[in-house]
Protein chains: 2
Amino acid sequence: MTIDAVLSANRAFYRAFATRDLDAMDRIWARRAEVACIHPGAKPILGRREVMASWRDILAAGGGPRIETRGERTLLLGAAALVLCEEVLGKGVLAASNLFVVEDGEWRLAHHQAGPVAADAPPPGPGPTLH
Amino acid sequence: MTIDAVLSANRAFYRAFATRDLDAMDRIWARRAEVACIHPGAKPILGRREVMASWRDILAAGGGPRIETRGERTLLLGAAALVLCEEVLGKGVLAASNLFVVEDGEWRLAHHQAGPVAADAPPPGPGPTLH
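Since the model is a prediction, treat every value here as computed from it, not as a measurement.

Asker: What's the story with the packing of aromatic side chains in this structure? I'm lost.
Answerer: For any pair of aromatic rings, the description rests on two quantities: the centre-to-centre distance and the angle between the ring planes. By the definition in use, this model includes eight aromatic pairs over all chains. Seen from their ring centres, Phe13(A) and Phe17(A) are 6.3 Å apart, and the 55 degrees between their planes marks the pair as tilted. One end of the pair, Phe13(A), and the other, Phe17(A), are both in helix α1 (residues 3-18), four residues apart, so they sit about a helical turn from each other. Of the two residues, Phe13(A) and Phe17(A), neither departs from the other in class, the shared state being buried. Taking the centre distance of 4.9 Å and the plane angle of 80 degrees together, the rings of Phe17(B) and Trp55(B) count as edge-to-face. Of this pair, Phe17(B) sits in helix α1 (residues 3-18) while Trp55(B) sits in helix α3 (residues 48-61), and the two are 38 residues apart along the sequence. Classification of Phe17(B) as buried rests on a relative accessible area of 13%. Taking relative accessible area as the criterion, Trp55(B) reaches 1% and is therefore assigned buried. Connected via pairs of aromatic rings, a cluster forms that spans Phe13(A), Tyr14(A), Phe17(A) and Trp55(A).

Asker: Explain the sheet that holds strand β4 (residues 80-89) of chain B to me, please; I cannot follow it from the model alone.
Answerer: Across a sheet, paired strands are connected by hydrogen bonds in the backbone, their directions being either parallel or antiparallel. All names here are of chain B. Read across the open sheet, the six strands follow the order β2-β1-β6-β5-β4-β3; overall the sheet is mixed. Because the sheet does not close on itself, it has two edges, and the strands there are β2 (45-46) and β3 (67-77). Judged from the ten bridges that link them, strand β5 (residues 92-103) and strand β6 (residues 106-116) form a sheet pairing that is antiparallel. Note on β6: the bridge partner recorded for Ser-97 is Gln-113. Sheet contacts for α1: β3, β4, β5 and β6; angle to β3, the most-contacted strand, approximately 145 degrees.

About the cut-offs
- Residues numbered from 1 in each chain as written.
- Chains lettered and ligands numbered in written order.
- Predicted model: local features only at pLDDT ≥ 70, side-chain atom pairs only at ≥ 80, totals over all residues.
- Heavy atoms only, no water.
- Phe/Tyr/Trp six-rings, centres within 6.5 Å; stacked < 30°, edge-to-face > 60°.
- Helix = DSSP H or I, 4+ residues; strand = E, 2+ residues; numbered from the N terminus.
- Buried < 20%, exposed > 50% of the residue type's maximum accessible area, 1.4 Å probe, protein only.
- Pairing = 2+ DSSP bridges.
- Contact = heavy atoms within 4.5 Å.
- Axes fitted to C-alpha atoms, helices over the stretch in contact; angles between N-to-C directions.

What follows is the structure, encoded as structure tokens:
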């Protein structure tokens, strides 16, 4: 499983989000691994049924700003992979962690957390180029 | 590696945080795995040196409210483990994801994200009891 495959799975997640495609969103989440999600401003949600119910509500709400992502960085952690990125929604920016695990030969999402980035947050330091 | 060991590592992280013990904080973070951190309101930080520098600043600042945690839930994901919890700081509440990996026979922190929980956030649903 390559970095490219993780980034492809991350793009599929945001494509499902942007196009409000609940079936695609369902496919990207792990089926056997335990899953969890922390939406902005919310408490942790655990369990696949509960996480998918939260996405059903979010995608059904519609009318939100277009979501774009930038600054994707990937950490390979054995059989798991973490993609960090910024989500740009209109004038707002969120920082997100997306944790993927391998199931049936593909990366599937096991956990997502997004939280607001303050308007005056400094850019992250240069840091090492990981991948 | 057991759930108890993950929760013990999670407690060690918050003990280092609460007691502003930079050496203890350093010991809890992974040494070989890539590490990252998303502090509340901030953009992602990658790289051990950069992450530890951020903790040095936070712990040196002092004077913050006492930090307590509640609602710990653990997801075992192969060689990684994710602990979700709420951080209570004075009247504020944050939702946190702490991702641990095994190194040298112990759980070490590879990633931490915390973000604010809105004052009017509903409690999470009952959900399944995972562990």
